[in-house]
Structure formats: C-alpha cells, structure tokens
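Each chain, written out:
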Amino acid sequence: MSSKWTALQPEHKEKHFWVTSLVNDGQEAIIACILEAVINRHEYQIDWRLLEDTSVWQTGWH
C-alpha cells in the first residue's frame, strides 16, 4: 500500500497524501481507498477511480 499522491487543487493546505488502505465490496472488488493527508493525518474515503483524473491528482509528491 502507501502509494503517494499530490492534490493539484489542495484544500486546507492538504496537498500530499498516502493511500493507507483499500475498501472492498465484501467480495474482491475494490470500491474505494482511504487517503491520509501528510500534513495533519486527516483521512478521507474516496472512489479509487477519482485518482485517475490527472487534472485533480498526480502520482508521487510534487
């Protein structure tokens, strides 16, 4: 786990995130991921497919 992501439009100074865990549908399909903000450790559950939007997210820390 622990992939790194950068929010291209940060809110509340939360720019850098780790993926800390995956959420499945009770079977094997992944439906969401938990992102943890590096600056304050706040956690957010988002649909993992949102990370594919390159206008919002970039892989790694930049």
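Bear in mind the structure is a predicted one, so any value in this text is a computation, not a measurement. (Residues numbered from 1 in each chain as written. Predicted model: local features only at pLDDT ≥ 70, side-chain atom pairs only at ≥ 80, totals over all residues. Heavy atoms only, no water.)

So, about the environment of lysine 15. Position of lysine 15 relative to the elements: it lies in strand β2 (residues 14–24). As for lysine 15 and alanine 37, which are separated by 22 residues in sequence, their C-alpha atoms are 7.3 Å apart. Residues within four places of lysine 15 in sequence aside, it is in contact with Trp5, Thr6, Ala7, Pro10 and His62. (Helix = DSSP H or I, 4+ residues; strand = E, 2+ residues; numbered from the N terminus. Contact = heavy atoms within 4.5 Å.)

A probe matching the size of a water molecule, rolled over the atoms, marks out where space remains unfilled. Reported here for the largest pocket is a volume of approximately 230 Å³. Looking at the largest pocket, the residues that line it are Ala7, Gln9, Pro10, Glu11, His12, Glu14, Phe17, Leu35, Tyr44, Ile46, Val56 and Trp57. Sorting the residues of the lining of the largest pocket by element identifies β1 (4–11), β2 and β4 (43–46) as the ones contributing at least two each. At 4 residues, β1 tops the list of elements feeding residues into the lining of the largest pocket. In terms of residue class, the lining of the largest pocket is made up of 8 nonpolar, 2 polar and 2 charged. (1 Å grid on protein atoms, 1.4 Å probe; cavity = no way out; pocket = protein on both sides within 12 Å on 5 of 7 lines; lining within 4 Å. Points joined across faces, edges and corners; volume = space filled by probe spheres on them. Nonpolar A, V, L, I, M, F, W, Y, C, P; charged D, E, K, R; others polar.)

If you walk across this open sheet you meet the 5 strands as β4-β3-β2-β1-β5, and the pairing is antiparallel. Bordering the open sheet on either side are β4 and β5 (57–59), each of which pairs with just one other strand. Sheet twist, expressed as the mean angle between neighbouring strand axes with direction ignored, is 35 degrees. Note that β1 and β5 share 3 bridges and pair antiparallel. The partner of tryptophan 5 across the bridge, within β5, is threonine 59. (Pairing = 2+ DSSP bridges. Axes fitted to C-alpha atoms, helices over the stretch in contact; angles between N-to-C directions.)

Once that is clear, we can look at the pairing of β1. Strand residues, when the strand is regular, have side chains that alternate between the two faces of the sheet. Note: β1 against β2, 4 bridges, orientation antiparallel. Considered in β2, the bridge of lysine 4 is made with tryptophan 18. Connecting β1 to the antiparallel partner β2 that follows it, the hairpin turn spans 2 residues, and histidine 12 within it adopts a positive phi of roughly 55 degrees.

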